[in-house]
Each structure stands twice: as C-alpha cells, then as structure tokens.
Amino acid sequence: MDETSYFYASDLQMLILDEADRILDMGFADTMNAIIENLPKKRQTLLFSATQTKSVKDLARLSLKDPEYVWVHEKAKFSTPATLDQNYVVCELQQKVNMLYSFLRTHLKKKTIVFFASCKEVQYLFRVFCKLQPGLPVLALHGKQHQMKRMEVYTCFVRKKAAVLFATDIAARGLDFPAVNWVIQFDCPEDANTYIHRVGRTARYKEGGEALLVLLPSEEKGMVEQLAQRKVPVSEIKINPEKLTDIQKRLQAFLAQDQELKDKAQRCFVSYLRSVYLMKNKEVFDVFKLPLAEYALSLGLAMAPRVRFLQRVQKQLSAKEAANGMDHLKETEQDKNSVCSIDKEGVEKCGTDANRKVSGYKTKGKERRRETEECSASSEGAEESSQSEGESEQVSEEEEEEKEVPVPSRVPNTDSMQFFEGDDEDDDDDTKDLDLLTVKRRNVFGVEAQDNPGLNASKSKMKKKTTKTQEAKKILKKKFKVNTKIVFTEDGELVQQWPPVQKSSLARADEEDDASGINLDKAKEILREEDKFDKEAYRKKVKEKHRVQNLAQMMFVDKKGGYWTASVF
Ligand SMILES: Nc1ncnc2c1ncn2[C@@H]1O[C@H](COP(=O)(O)OP(=O)(O)OP(=O)(O)O)[C@@H](O)[C@H]1O
C-alpha cells in the first residue's frame, strides 16, 4: 500500500480479517500495522476464526470499540461439530510409521489428511509411502513447495475420491477440501487451537468426519487436559497389535539403495526433534524423553544421526548444573559460617548438617558422574555398533549458529544422550539454502578409530572445518593458474590474453592514428616505453625464481651426522 501511490483506501467501510487470531499474532504484526495505518479510522471491522482472539491488546490495535463476540458453539456442550467423531491413540514414537501404514492399508477407499510437524517429515514420508505403494494415491503439501505446486496438489486432492494427503499445518486453516473422511494428527499439535483447525478439515458444514490424534505416552496427559479445557471431546482407542504391519525392513532396504532418500530420512529425524524441542509447552513436549535410537530405526536408518542443537543444549545444561552446584556449595558454606558463630553446641550441630549437605551434594555429584560414565559407555557402545554397522552418520544444522537455545529445566535421560556425544564442529555450506541441516558422513567404515588411537587426537583437530572462503584464499596463495585461455590469430600467431600485453600510451595513440607511413622517431619512442614493461616483467620472473628456490631449500632437508641440515640442490 505504501508503495502503490494511487491506492486509496479512504472510502473503505468494512475491514474483514479471516483467520484473525493468526493474522493478529506477532508474526504478522508489522504487516498488519502497516495496512491498518492506511485505513480510515471509521469503519466496521469483522474478524473470523474458529479460535478467536480475545486479547484486548490485539483488539486495541484494530481500534475496536465495544466489540461484539459471536461464537457458534457458545451454547453448545462442545466446541467442535457434533458430526465429528474424535479419538486419540497412544503410540510409541517408533511405532508411528507402522501405525500410519497399517491405517492406510485398511482405509483404501477413504480420503485422509495426515498432519505432520515439519516439512522434512512430509517430504521423507511422502517419498517412502509412494515407494511402499499402499494402494491409494499419496500426495504431499508443505511450505517448501512453490505456490503453483501447492495449487496443483490442492486441486488434485479435491478431485480424488480416495487419497491420502501428507501435510504440514499449512493445510490446517482455510483450505476447503470437500468430503474428507479422516484427519490424522500424526504429530501432536502445538496446542488445542491448532488441533481445532486441523480437525476442521473434515466434518465441514453438515457432513460427518473422523479425527484421530496420535499421542506419545509423554504427550498424553498434557494434551488431553488441554483439549478437555477447550471443550473438545476426545476418547482413547487402542491399537490392535495384530493388525500392525512392520515396514521397518522395507524402509531400510529403500535407504540402502538410495542415498538421497537416506539423507531425507536423516533430515526428517532431526527436523522432528527440532520441532518437538521448539514447542513452547514443555509439559507436553519433551525432546529428552524421546527414544532416539528406536525412532531412527523406525525411519529405516541404521543408527540415530548426531544432532548438533541437542548437543549444545546438553552442554548448556551441564554448565547450568555445575553452576547451580557451586551456588549450592557456597550457600552451604555461608550457612555453616553464620550459624557457627552462635554457640559451640550449635557449631557441632551445624557442622554435622553442613557436612551432611555437602556429602549429599557429593553423592549427587557422584550419581551424576555415574550417569555420565554410563552415558559415555553407552556412547561407546553406540559407536561400536556404528562401526559394526559400517557407517557413521552426522547431522548438523546451520540455523543453530544464530539461534540462542533456551535451556530446558530437565536433565536429559541417558538413553537419549548417547547420541549427542562428540564434537560439534560440523558445518556444511551446501545446505544453507535449505533450512538449518547438514548431513555429513565420516569414517564410513569405522576403521580409523580402532586401528590408530593417535589418529583420533589429530583428527579431532582436523575437524575444525575450513570455510569455502578460506579454501579459496589458500588456493590463491598457491598461485595456481586455472583454465588459461589460449587464442590464435587467423595466421596462427599466439594472441596473449592474460596477463594482457602492456601497451604504452604512445603505442595506443599511434594505433588509433589513421595516418599512413612509418614515423621512425615515434616508433623508437614506443619501443623505449614498452621496454620498461618488459624489464619489469623480467624482474618479477627472477624474483619468483628466487622465491621458489628458497622454498625448496627449506623443504628438502637431509639428516647428516646427527644434525638436520638444509641441502641446497
Ligand atoms: N449455508 C451453507 N450452505 C451450504 N454450504 C455451506 C454453507 N455454509 C458453508 N458451507 C460450506 O461449508 C464449507 C466450509 O465453509 P467455509 O470455508 O466458509 O468454512 P470456514 O469456517 O471458513 O472454515 P475454515 O476457516 O476452518 O477453513 C464450504 O465448502 C462451504 O461451501
């Protein structure tokens, strides 16, 4: 609006914002404020959403006076349509892919939308499910697609009678897909609002629909409580283990044949962990409770990729814990001193208490140390297993470089920690344009670590990654001549391209001068000037020769009579 000078909104009478709660949240604040500034103050404003904001601050931004709140479910017992049948199932993380496959195999005639937490999960599982050929068309919709592609997928899904659409929350609001039978929330929604918008893709208008929420055991309590608070009726149903098809082996086979797919699997793994980690509600989402090794296996990976951001969080946690320990120790010391000055009897008492406290702290310290030891032992175990598997995988994320990682209050469990051991010096420019991740393979056959422990030390130094700029600078220093172009005239004479032939200003003027005949004096003058360039070039050549000789003297050395002496050749 600011850039279109002929856009006038002075006659605007009504402003309508759909999905108003989202539009008014902080992510769109600048854009919205810029629009509102250009609109007349006197107008009617209508806000629509299945989950409306009541925030006074938001409404004040729109200069609403005496807003009227209309809610279709205001008098209803529940806040979701009565025609929507809602259930949830508690499923271990490593069983989720199997469960989804089994579900689709038994719902081949249905139209289903499956919601995932991240684009990379959608990308990987879409590819894998296409390969698995479950018996119905598989489509994918996510934010990494161009708008045209999204529209194509949308239209395609609308036309299909039976199909499954793998989607991120990009499809959770506003999209009107007709006749969707099932909405499956493969990953737990961020909050009850997101849940409501997702399930809103089915049971639209007077139609019926079914919704299935898949929850991890650690997510169940918090999420079910939230839904109950929002008057969303969900009941638990159980998975029949006999009906569960295990597709892990097939996924492993796919990944063994297709490196690109394997990269996608690794990205999917990290991306899911990141999405869980970034969730605000730590009561529901706890990345440290996830069974990482099993989850990796369920995606078809031989072992869990290393996740840099979790390594960093773990470091911060340890630092925080150590700091807390020190504070505690100081406090104990202070207590001891202050109470000790009261009386002798007190001294003894307090001394015992303080000792107990300190010993308690020491015991905790010991426990913690034991945990760490167990942890590093399991880490070794993991490495060993990786060696026997014959592969080592790593995933790092560039996005993390800038991001401050908040420290969760919980101590990570040892099961998950085993994969976060090791250095965090990995970086990869190739995926900078993707989002955040980098997959690297190192020590593919796991030989070096076993054979040569000394090598490990030097290797850890080598791990410091050089950037492309640094590499380019190194090459420049070596003065390699790359791709020299040689051009000949029609008569077969060599035309010097680089370095360009130095011409004196006199010679250039002479070339431009059309006068016929030879001016001997001028020609002599030109030769004298150009002679200076040649001499300069010759001086440079000699200098370079000396430099190379000096270098060679330093490099080629002999051992003579117990002394290292430079041999001049
Ligand atoms: N009065 C009506 N008669 C017939 N069909 C209707 C009527 N109202 C809505 N519908 C149909 O119901 C579906 C949902 O309507 P609409 O897209 O307006 O819902 P919504 O509340 O904006 O959903 P969301 O914002 O969650 O996507 C559409 O297919 C629409 O054609």
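The rules behind each value
- Residues numbered from 1 in each chain as written.
- Predicted model: local features only at pLDDT ≥ 70, side-chain atom pairs only at ≥ 80, totals over all residues.
- Heavy atoms only, no water.
- Near = heavy atom within 4 Å.
- Polar contact = N/O pair within 3.5 Å; in protein donor to acceptor, adjacent residues only side chain to side chain.
- Areas by Shrake-Rupley, 256 points an atom, 1.4 Å probe, with all protein chains shown as cover.
- Nonpolar A, V, L, I, M, F, W, Y, C, P; charged D, E, K, R; others polar.
- Patch = residues over 30% accessible without salt bridge, like charges linked within 9 Å, V, L, I, M, F, W, Y side chains within 5 Å.
- Salt bridge = Lys/Arg side-chain N within 4 Å of Asp/Glu carboxyl O.
- Lys, Arg positive; Asp, Glu negative; His and termini not counted.
- Charge placed at Lys NZ, Arg CZ, Asp CG, Glu CD.
- Helix = DSSP H or I, 4+ residues; strand = E, 2+ residues; numbered from the N terminus.
- Buried < 20%, exposed > 50% of the residue type's maximum accessible area, 1.4 Å probe, protein only.
- Pairing = 2+ DSSP bridges.
- Core = buried A, V, L, I, M, F, W, Y, C linked by side-chain atoms within 4.5 Å.
- Contact = heavy atoms within 4.5 Å.

K.L.:
Give a detailed account of the site of the ligand, specifying residues and quantitative values.
P.N.:
As a structural note, the neighbourhood of the ligand is formed by E19, G174, D176, R201, R204 and Y205. The contact in question runs from an oxygen atom of the ligand to an N or O atom on the side chain of D176, over 2.6 Å. Within the side chain of Y205, an N or O atom sits 3.1 Å from a nitrogen atom of the ligand. Bound to the protein, the ligand loses 43% of the 630 Å² it would expose on its own. Counted by class, the shell around the ligand contains one nonpolar, one polar and four charged residues.

K.L.:
Which residues make up a positive patch on the surface, and what are the values?
P.N.:
Together, K473, K474, K477 and K478 line one region of the surface with positive charge. Relative to the elements of secondary structure, K474 occurs in helix 17 (residues 468-478).

K.L.:
Quick one: what's the story with the pattern of salt bridges, residue by residue and with numbers?
P.N.:
Scanning the entire structure with this criterion turns up 14 salt bridges. Measuring nitrogen to oxygen at the nearest pair gives 2.6 Å for the salt bridge that ties D169 to R198. One end of the pair, D169, is in the loop between strand 6 (163-167) and strand 7 (182-185); the other, R198, is in helix 7 (residues 192-199), with 29 residues separating them in the sequence. According to the relative accessible area criterion, R198 is buried, its value standing at 1%. Across the pair E544 and R547 runs a salt bridge, and its minimum N-O distance is 3.3 Å. Pair noted here: E544 and R547 are both in helix 19 (residues 520-555), with a separation of three residues, about one helical turn. For E544, a relative accessible area of 33% translates into the label partly exposed. Through salt bridges with shared partners, a single ionic network connects E19, D21 and R173.

K.L.:
Give a description of the pairing of strand 7 that names residues and reports values.
P.N.:
Of the two faces of strand 7, the one lined by W182 and I184 and the one lined by V183 and Q185 are each fully buried. Of the pairings in the sheet, the one linking strand 4 (residues 111-115) to strand 7 comprises four bridges and is parallel in character. Looking across to strand 7, one finds that V114 is bridged to I184. Across four bridges, strand 7 lies against strand 8 (residues 209-215) in parallel orientation.

K.L.:
Any details on the nonpolar core? Residues and values, ideally.
P.N.:
Of all hydrophobic cores here, the largest spans 73 residues; its most connected members are Y124, F129, F166, Y195, F269, L273 and L290. If you tally residues by element for this core, the top one is helix 10 (residues 259-278), at nine residues. For L273, the residues in contact, after removing those within four places along its chain, are V287, L290, L292, V307, F309 and L310. One finds I113, L139, A163 and A172 within the second-largest nonpolar core, a separate group that totals 14 residues.

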